[in-house]
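What the coordinates show
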Amino acid sequence: VTGNDGSIELDGVNMPDVILESGSPLLAVSRSKLCADAERFVAAAKSAIPNSTVAYSYKTNCVPGVLRDLHRIGFFAEVISPYELWLAEKLRVPGDRIVVNGVNKTDEYLDHAVRLNVSSINIDEAHEIELLAQAARTHSIRARVSMRLRLDSSSHFGLDIPSGEADRVAGEIARRSDEFEFQGLHFHLLADNDDPENHVKYQTMALDFARQIRERHGLETRFLNVGGGFTVPTMKVMSRAEYGLQRLLHVPCRPPDPGSGVPIEAYMQRLAKALGSYCDRYQMPVPHVVFEPGRIITSQSHVMLTKVHAIKSNSQGPDIAMTDAGKILTSYPCDYEYHQMFVANRMTEAPDHVYHLMGRLC
């Protein structure tokens, strides 16, 4: 929102005034927009798939104030690191409302997750089985586990199906039922995705594997975690042509059309229809669906504020605007994605110059 003086406002607060008061760089959040976007996503998920859970991706934004608001709305926590698991516990998220993901899981991380008796520890590598079994024995708890599937051979996440790795892990879980309580399957392969058919494709692949381990090992997939990757209307990954024009000729990328994507309500309905049809066809119980959204929940409510302290002329290309943030916070995200930038205290003026944004970091 633009105020009367031409400055950007969030929830009625003038952002340049906040910078003068609190300093920069500064991440500002519109609580009203944050909560509206979060509630819309939950409503869309519950309307399409009543038997579903939404767990917010802590890696996307681990600002405690933001997370508290999301947990008040009903979000679970989805964590990928010891720090994030510690933070969820500090925010008093119950163990049965935490989903534990991540690669390179240490024995301490897994022990902590088992001790909290989290809703699911999603196994990414076969060697995690032994670490989890040890933690389960230590705490006299049947560890609640799921399996993360590698449904795209180019991904480095998850258990591979064609090689038999995933099936072997499923067999181990079934054999050690005194140490493990099998929850289900997990995948996450998408980013900036606005086509539900992509999600349906991977969902179907996961369900095919669910049938396989049901028949071979007697494992029932009670939970199907379909990850996140939902598009954010105000950003986009650049095409190769757009990237080349921006990098080589300094031609700014065209902004996305926020109205061009599939509304989240229709997206959810398509996933629900495909899930119901599959389970009907193969006479399978419909699993509880878990979503792990990230930027679709928080990106549109956040503004990164930084000051331009100097302009340096540059004979080899666009002039350089020196900020107090740093390239990693300003230019790098925009190297392959489109993000809108504004002159926060001159919102009504049309842009007339191209700059490189730089800062304290080399």
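Predicted model only: the values in this text are computed from it and were never measured.

Comments concerning the pairing of strand E5 (residues 76–79)
Neither face of E5 is exposed, since Phe76 and Glu78 on one face and Ala77 and Val79 on the opposite face are all buried. Across 3 bridges, strand E4 (residues 52–57) lies against E5 in parallel orientation. By the bridge assignment, Ser57 is partnered in E5 with Glu78. Taken together, E4, helix H3 (residues 64–73) and E5 form a β-α-β motif whose crossover is right-handed. Direction of pairing for E5 relative to strand E6 (residues 98–100): parallel, over a ladder of 3 bridges. Within E6, the residue paired with Val79 across the bridge is Val100. Between E5 and its parallel partner E6, the chain crosses via helix H4 (residues 82–90), and the hand of that crossover is right-handed.

Quick word on the pattern of salt bridges
Tallying each qualifying case throughout the model produces 19 salt bridges. Lys59 is the salt-bridge partner of Glu78, the closest N and O atoms lying 3.8 Å from each other. A residue pair is termed long-range when its members are at least 10 positions apart, and Glu78 in strand E5 and Lys59 in the loop between E4 and H3 qualify at 19 residues. For Lys59, a relative accessible area of 48% puts it in the partly exposed group. Of the charged contacts, one joins Asp208 and Arg211 as a salt bridge, the two residues approaching to 3.7 Å between their closest N and O atoms. Of the two residues, Asp208 and Arg211 both sit in helix H8 (residues 196–217), 3 residues apart, roughly one turn of that helix. For Asp208, a relative accessible area of 34% corresponds to the partly exposed category. Owing to a relative accessible area of 22%, Arg211 belongs among the partly exposed residues under this scheme. Members of the salt-bridge network, linked through shared partners, are Glu130, Arg137, Glu172, Arg175, Arg176 and Glu179.

A short note on the packing of aromatic side chains
Within the structure shown, the criterion is met by 7 aromatic pairs. Ring plane angle 85° and centroid distance 6.2 Å describe the contact between Phe41 and Phe291, whose orientation is recorded as edge-to-face. Placement of Phe41 in helix H2 (residues 31–48) and of Phe291 in strand E13 (residues 288–291) is noted, with a sequence separation of 250 residues between them. Relative to Tyr282, the ring of Tyr278 lies with its centre 4.7 Å away and its plane at 45°, an arrangement referred to as tilted. Residue Tyr278 and its partner Tyr282 are located together in helix H10 (residues 264–282), separated by 4 residues, close to a single helical turn. In this arrangement the basic side chain of Arg211 is found over the ring face of Tyr282, its NZ or CZ atom lying 3.7 Å from the centre.

Scoring rules and cut-offs
- Residues numbered from 1 in each chain as written.
- Predicted model: local features only at pLDDT ≥ 70, side-chain atom pairs only at ≥ 80, totals over all residues.
- Heavy atoms only, no water.
- Buried < 20%, exposed > 50% of the residue type's maximum accessible area, 1.4 Å probe, protein only.
- Helix = DSSP H or I, 4+ residues; strand = E, 2+ residues; numbered from the N terminus.
- Pairing = 2+ DSSP bridges.
- Right-handed = clockwise from strand over helix to strand, strands pointing away.
- Salt bridge = Lys/Arg side-chain N within 4 Å of Asp/Glu carboxyl O.
- Phe/Tyr/Trp six-rings, centres within 6.5 Å; stacked < 30°, edge-to-face > 60°.
- Lys NZ or Arg CZ within 6 Å of the ring centre and 35° of its normal.

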